[in-house]
Amino acid sequence: MAEFLELEAQDGVRMSWNVVPGTKQEATNCVVPVSAIYTPIKQFPNIPVLPYAPLRCRNCRSVLNPFSIVDFAAKIWICPFCFQRNHFPPQYASISDENLPAELFPQYTTIEYQSPGEAASVPPVFMFVLDTCIIEEEMAFLKSALSQAIGLLPDNSLVGLITFGTLVHVHELGFGQIPKTYVFKGSKEVSKDQLLEQMSFFIKKPKPPTGVIAGARDGLSSESIARFLLPASECEFALNSVLEELQKDPWPVPADQRAARCTGTALSVAAALLGACVPGSGARIMAFVGGPSTEGPSAIVSKNLSEPIRSHKDLDKDSATHYHKAVKFYEGLAKQLVHQGHVLDLFACALDQVGVAELKVAVERTGGLVVLAESFGHSVFKDSLRRVFQSTDYDLGLSSNGIFEINCSKDIKVQGILGPCASLEKKGPLCSDTTIGQGNTSAWKMCGLDKATSLCLVFEIVKKDIPDAGVQSTSNQFYFQFLTYYQHSSGEMRLRVTTLSRRWVAGPGSIQDLIAGFDQEAAAAVMARLVSFKMEIEAEFDPIRWLDKTLIHVCSKFGDYQKDNPSSFSLSPRFSIFPQFVFHLRRSQFVQVFNNSPDETAYFRMILNRESVANSVVMIQPSLISYSFHSGPEPALLDVAAIAADRILLLDAYFTVVIFHGSTIAQWRKAGYHNQSEHQVILFEHVV
Ligand SMILES: [Zn+2]
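Below, the structure is looked at part by part. (Residues numbered from 1 in each chain as written. Predicted model: local features only at pLDDT ≥ 70, side-chain atom pairs only at ≥ 80, totals over all residues. Heavy atoms only, no water.)

1. Describing the overall build of the protein
A tally of regular secondary structure across the protein gives 18 helices and 29 strands. With the C-alpha coordinates aligned to their principal axes, the bounding extent of the protein is approximately 80 × 75 × 60 Å. Among the 688 residues that make up the protein, the fraction classed as buried is 53%. In the protein, of all internal contacts separated by at least 6 residues, the share reaching a separation of at least 24 is 71%. When the accessible surface of the protein is summed, it comes to about 31,800 Å², and 54% of that surface belongs to carbon and sulfur atoms. The centroid of the 60 positive side-chain charges in the protein is displaced by 5 Å from the centroid of its 70 negative side-chain charges. (Helix = DSSP H or I, 4+ residues; strand = E, 2+ residues; numbered from the N terminus. Buried < 20%, exposed > 50% of the residue type's maximum accessible area, 1.4 Å probe, protein only. Contact = heavy atoms within 4.5 Å. Areas by Shrake-Rupley, 256 points an atom, 1.4 Å probe, with all protein chains shown as cover. Lys, Arg positive; Asp, Glu negative; His and termini not counted. Charge placed at Lys NZ, Arg CZ, Asp CG, Glu CD.)

Laid out in structure tokens, this is it:
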């Protein structure tokens, strides 16, 4: 396992198979797909950043990398993907094997390029969208959390505010002393043209002909934009006074009814406004939602309280009347946001469901953040919001405007990506006919991404057979190249290039090599994403059966046993905990959905779909750590036997943490020992 962690520390990638099954048949027999979990902008302390543009293959556009074969005398490099011979340009004239450019250093398989002149200084944009159909107490929590957040915003960032309930209110923050708002009906979708019209963007100048309205660059004046998006340094006062005055939605709600809440309309107004003002630049819509949408195209339930909110059973039986309409609406919104390059973050804080299941598509395709809590007063919400803006070592490293591209050796195709991104529909020879997740493309948009965002790439091996089977040589290599363009938090555009090489094997005798290269943790994380995805899109899919069959096939291919002798069965240590992962996955919140609401399931899956292998493994199989006086912290078995009087147990299930005090420890705590200085112990904090 250690060598897989080393590879991850170098390139931010974990692959299920680090020795790749070399033919289509072989790959099918291996059951777990050839796949990678890649963290595109994982932070590395010493990543080289080159101040010039990358050199590209003139045939396939892949970037020069340490696996390229270089002829120093002829000043030529051979592309490992398409074998094209490329001439080095004049600025590389002095290269030799003693004088290599950084991108050819063998250890620099992951490297960044920062092109001079591309340093854009577009400020980040935050559009707050606030639900006002919440009780006074929640309102107070939300206001206080927000005014704290506003204090943390970078001074140059632009800020806008929309509130909604029965109606949508767009606040004109740049309008002097008197608060001014524009009001939209909650029951009707608003197009960008209607919005521009109604908000009198063209009041002082002739309206451009229809079809040309596209935003800042060719229509709106900066004064028009500054009415709704103000620099944080200038609007703090205005924003805080609007928040102070902000009232709960004034429309009366009969006792047998839900409040009229037009979440979707408010979000589409926000999207249209950003589309008009700042298309193409990094902007986030941050939605704070405190209850179910009941009004307009995004309604998930009627206003009538006698109608319950859809459950998994209703979705299973296809009897959730509003579901498909709402999902379709959010698919449209997702498309618009991806086109504009904008992110939707969702802070859902309510005891009820709010419609996370329907909103999922828009949050996930745009790479938005999702937080689910019971109240705006809950620490999960407050701490999460603070972390979005905090700039410390523990910040999220939010970036925007990402584009992810991939190159591979010709015997590999890409089935798709499971994770927070949207297809850019760049079709080509690299695309597999079978698609998984965002497929049928070799380029993806990542409107929002952070240093932890992890994509799951699923590959297909297409090589039919090997010409001289049985002859294995070390030159049997597959190459992968991942290219991520993104706007660094400093504002400049960067290109990160990760190039990987993995040996492939085929034919008799290859099984030991495959076993040696199997990363069971990465495989478990991939299977968890895959089973969740299949449960969402395949109507008759039976996840338990599918997982069981997977495990049986893996064991019969890679286990050691004599026929008809069960006790002879053994698995290599490389596979030894994989069955346990599958066991826990079967019982996990990703598969056993009926214990949870559709909103909770959507939330769990969105988090799974963006997390690293290590975090996914904890979600699947909780870790139990035992603390005692006799030894340092040590992992304990998930079993009642782990409980002892003089131990503290810490159960980390990722979404929840449970701390259990043994009876002696509990008594000590009752006696207040931990507050007495003579019992003070210095603990070494364990930082992951
Ligand atoms: Zn090439």
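Having seen the structure, we can now continue with the description.
2. Details of the packing of helix 7 (residues 263–277) against helix 9 (residues 323–340)
Put simply, helix 7 and helix 9 touch, their axes get as near as 10 Å, and they point 20 degrees apart. The pairing of helix 7 with helix 9 is recorded here as roughly parallel in orientation. The crossing of helix 7 and helix 9 is left-handed. Two secondary-structure elements touch here, helix 7 through Thr263, Gly264, Thr265, Leu267, Ser268, Ala271, Ala272, Leu274 and Gly275 and helix 9 through Phe329, Tyr330, Leu333, Gln336, Leu337 and Gln340. Grouping the amino acids of the contact of helix 7 with helix 9 by side-chain chemistry returns eight nonpolar, seven polar and no charged. (Axes fitted to C-alpha atoms, helices over the stretch in contact; angles between N-to-C directions. Parallel < 35°, antiparallel > 145°, perpendicular 65-115°, else oblique. Left-handed = near helix turned anticlockwise from the far one by under 90°. Nonpolar A, V, L, I, M, F, W, Y, C, P; charged D, E, K, R; others polar.)

3. Digging into the layout of surface pockets
When its volume is computed, the second largest pocket comes out at roughly 1,300 Å³. Around the second largest pocket, the lining is made up of 41 residues, and of these Tyr323, Met535, Glu536, Ile537 and Arg605 lie nearest the centre. Elements supplying a minimum of two residues to the lining of the second largest pocket: helix 8 (312–316), helix 9, helix 10 (356–365), strand 18 (412–418), helix 13 (520–537), helix 14 (543–558) and helix 16 (598–608). (1 Å grid on protein atoms, 1.4 Å probe; cavity = no way out; pocket = protein on both sides within 12 Å on 5 of 7 lines; lining within 4 Å. Points joined across faces, edges and corners; volume = space filled by probe spheres on them.)

4. Re the coordination of the zinc ion
Taken together, the protein ligands of the zinc ion are Cys57 (SG), Cys60 (SG), Cys79 (SG) and Cys82 (SG), with distances of 2.2 to 2.3 Å. What the four donor atoms of the zinc ion show is an angle range of 101 to 116 degrees at the metal, which sorts the shape as tetrahedral. Counting gaps between the donor residues of the zinc ion yields the pattern C-x2-C-x18-C-x2-C. Separated by 22 residues along the polypeptide, Cys57 in the loop between strand 4 (49–50) and strand 5 (69–71) and Cys79 in the loop between strand 6 (76–78) and strand 7 (85–87) bring together distant segments of the chain. Of the two residues, Cys57 and Cys79, both sit in the buried class. (Donors = N, O, S within 2.8 Å, 3.2 Å for Na, K, Ca; no water. Tetrahedral: all angles 85-135°; square planar, octahedral: opposite > 155°, others 65-115°.)

5. Describing the sheet that holds strand 28 (residues 648–652)
With respect to topology, four strands assemble into an open sheet ordered 27-26-28-29, the strand pairing being antiparallel. At either margin of the open sheet sits one strand with a lone partner, and together these are strand 27 (634–635) and strand 29 (657–661). Note that strand 26 (residues 623–627) and strand 28 share five bridges and pair antiparallel. Opposite Leu624, over in strand 28, you have Leu651 as the bridge partner. (Pairing = 2+ DSSP bridges.)

6. Let's talk about helix 7
Its 15 residues give helix 7 an end-to-end C-alpha distance of 21 Å, which sits within 8% of 21 Å, the value for a rise of 1.5 Å per residue. Burial runs high along helix 7: 15 of the 15 residues are buried. (Expected span 1.5 Å × (residues − 1).)

7. Focus on the nonpolar core
Core analysis: the biggest nonpolar cluster contains 128 residues, and Ile285, Leu344, Phe459 and Phe482 have the highest contact counts within it. The next biggest cluster of nonpolar side chains, apart from the first, holds 34 residues, and it includes Leu230, Met286, Cys349 and Phe381. (Core = buried A, V, L, I, M, F, W, Y, C linked by side-chain atoms within 4.5 Å.)

8. What about unusual backbone geometry?
Of note in the backbone geometry, Asn401 takes a positive phi value of approximately 55 degrees without being a glycine. Relative to the helices and strands, Asn401 resides in strand 17 (residues 399–408). Even without being glycine, Tyr654 reaches a positive phi, approximately 70 degrees. Note that Tyr654 resides in the loop between strand 28 and strand 29. With a relative accessible area of 28%, Tyr654 lands in the partly exposed category.

Just geometry here; none of it tells us what the structure is for.
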